[in-house]
Amino acid sequence: MHSLDAFAAGKLAALDEAALRRRLVPTARGPGAAAERAGRRLVSFSCNDYLGLSHHPRVVAAAQAAAARYGAGSGGSRLVTGNHPLLDALEERLAHHKGKAAALVFGSGYMANLGITPALAGRGDLVLLDELSHACMWAGARLSGARTLSFRHNDVADLARLLEAERPAHGRCLVLTERVFSMDGDRAPMGDILEVARRHDAWTLVDDAHGLGVAEDGPRAPLEMGTLSKALGSYGGYLCASRPVIDLLTSRARSFVYTTGLPPASAAAALEALTILEAEPERRARPLALARRFTARLGLPEAESAVVPVLVGGAEAALALSRALEAEGFLVVAIRPPTVPPGTARLRVAFSAAHDEAQVDALAERVAALSGR
Ligand SMILES: Cc1ncc(COP(=O)(O)O)c(C=O)c1O
């Protein structure tokens, strides 16, 4: 065997052994939280389309019209090919939504985080991030070359301790956290984090991927990033900030400068979705209300967002529970290390405005029965 294939086969065997191998499963997504696998219809609780906007007729029509008028792709970097007016319009709307002076749209949320931190911090600087921060926040921090340390999850006293100990020896300092944590569904104490960061002249970057449109109230950070791919049902990432910061990132964020701009259809879909999101508060309230209905039925701590973890522990046990639910018509994917810490494999249940109460009650009943809760 070629040494490259032998290397890959050895790694795969170790992943299989630990029940940590990932596989792609053909799945067609439909409207109304429907999914189809191997000819079976399932109700999906594994999708971040929190407001059900990815299939909204107006959002789909906006994407179709933009593709028909402007083409399927954007043709190059926005700095080279020219800036698309739809992207200008989207940035203006995002900035307004977040109460900021300006915004910059990236190719994805992952790319936004890969570009933001290295443009603002480097060698000799300090990045402090919540230990449960998303992989792309860690990637951006490490790529920056700044000294990178984590504070205990949502522990402002631990953050303050690190700032007191480490801040004086470093130049610039960034504090990174998530408004809603992607795998736990809990919310960061934003007011306290912003206050302690300000006291130490540290700049806070909050990732609002799972907050936007669902659980985004509370104070704003100087750097508000997020994604167009979840509540907005489209694709792409963004940063909202002051005008000088956005202008600097336009020149210096490498994952913005050296990559192709967002396709016009994605920008048009996000714009239309933002219009619907802002006009329909009852749609925005639904995912959290359904999540709370579910946590109440199962006696879990009250949901703080559209994401509810059902902790299982072992990776194999989480996979088995997920498989059992799928056999009963529910798609609820198991989340395993390294996405979550070892020993905390879980079902991650994501609620959407597209679910109805009967679906939520049926899932709660099956989870209770299958997990002996
Ligand atoms: C917290 C968080 N940040 C960033 C991302 C990346 O966003 P995108 O999917 O747009 O790359 C995700 C998930 O996808 C996420 O959960």
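Here is what the cut-offs are and how they apply
Residues numbered from 1 in each chain as written. Predicted model: local features only at pLDDT ≥ 70, side-chain atom pairs only at ≥ 80, totals over all residues. Heavy atoms only, no water. Near = heavy atom within 4 Å. Polar contact = N/O pair within 3.5 Å; in protein donor to acceptor, adjacent residues only side chain to side chain. Areas by Shrake-Rupley, 256 points an atom, 1.4 Å probe, with all protein chains shown as cover. Nonpolar A, V, L, I, M, F, W, Y, C, P; charged D, E, K, R; others polar. Helix = DSSP H or I, 4+ residues; strand = E, 2+ residues; numbered from the N terminus. Contact = heavy atoms within 4.5 Å. Axes fitted to C-alpha atoms, helices over the stretch in contact; angles between N-to-C directions. Parallel < 35°, antiparallel > 145°, perpendicular 65-115°, else oblique. Expected span 1.5 Å × (residues − 1). Buried < 20%, exposed > 50% of the residue type's maximum accessible area, 1.4 Å probe, protein only. Arc of directions from axis to C-beta.

Chemist: In this structure, what is going on with the site of the ligand? I would like to understand it.
Modeler: Taken together, 14 residues lie near the ligand, and G109, D207, H210, T227 and K230 sit nearest. One of the backbone N or O atoms of G109 is found 2.8 Å from an oxygen atom in the ligand. Residue S229 places a side-chain N or O atom 3.5 Å away from an oxygen atom belonging to the ligand. Within the complex, 86% of the 380 Å² of free accessible area of the ligand lies under protein. Tallied by class, the residues present in the shell around the ligand amount to three nonpolar, eight polar and three charged.

Chemist: How should the environment of G115 be read in this particular structure?
Modeler: Examined against the element boundaries, G115 turns out to sit in helix α5 (residues 109-120). Once the C-alpha coordinates of G115 and L288 are considered, the two residues, 173 residues apart in sequence, prove to be 31 Å apart. If we ignore the near neighbours within four places in the chain, the residues touching G115 are L249, A253 and S255.

Chemist: Could you clarify how one ought to interpret the packing of α5 against helix α9 (residues 243-252) in this entry?
Modeler: Angle between the axes and distance between the axes: these two values describe a pair of packed helices. Two elements in contact, α5 and α9, have axes separated by 10 Å at closest approach and are oriented at 105 degrees. By the angle between their directions, the pair α5 and α9 is classed as roughly perpendicular. In this structure, α5 contributes G115, I116, A119 and L120 to the contact, and α9 contributes L248, L249 and R252. Of the residues in the contact of α5 with α9, the class split is five nonpolar, one polar and one charged.

Chemist: Would you explain helix α2 (residues 57-70) in this entry?
Modeler: For α2, spanning 14 residues, the distance from its first C-alpha to its last is 20 Å, which sits close to the expected 20 Å at 1.5 Å a residue. For α2, the set of buried residues is V59, A62, A63 and A66. For α2, the angular spread of buried residues about the axis comes to 95 degrees, placing them on one side. Opposite the buried face of α2, by more than 90 degrees, sit the exposed residues P57, Q64, A68 and R69. Packing partners of the buried residues in α2 comprise α4 (85-98) and α11 (264-279). Following α2 by one or two positions, G71 has its phi on the positive side, about 100 degrees.

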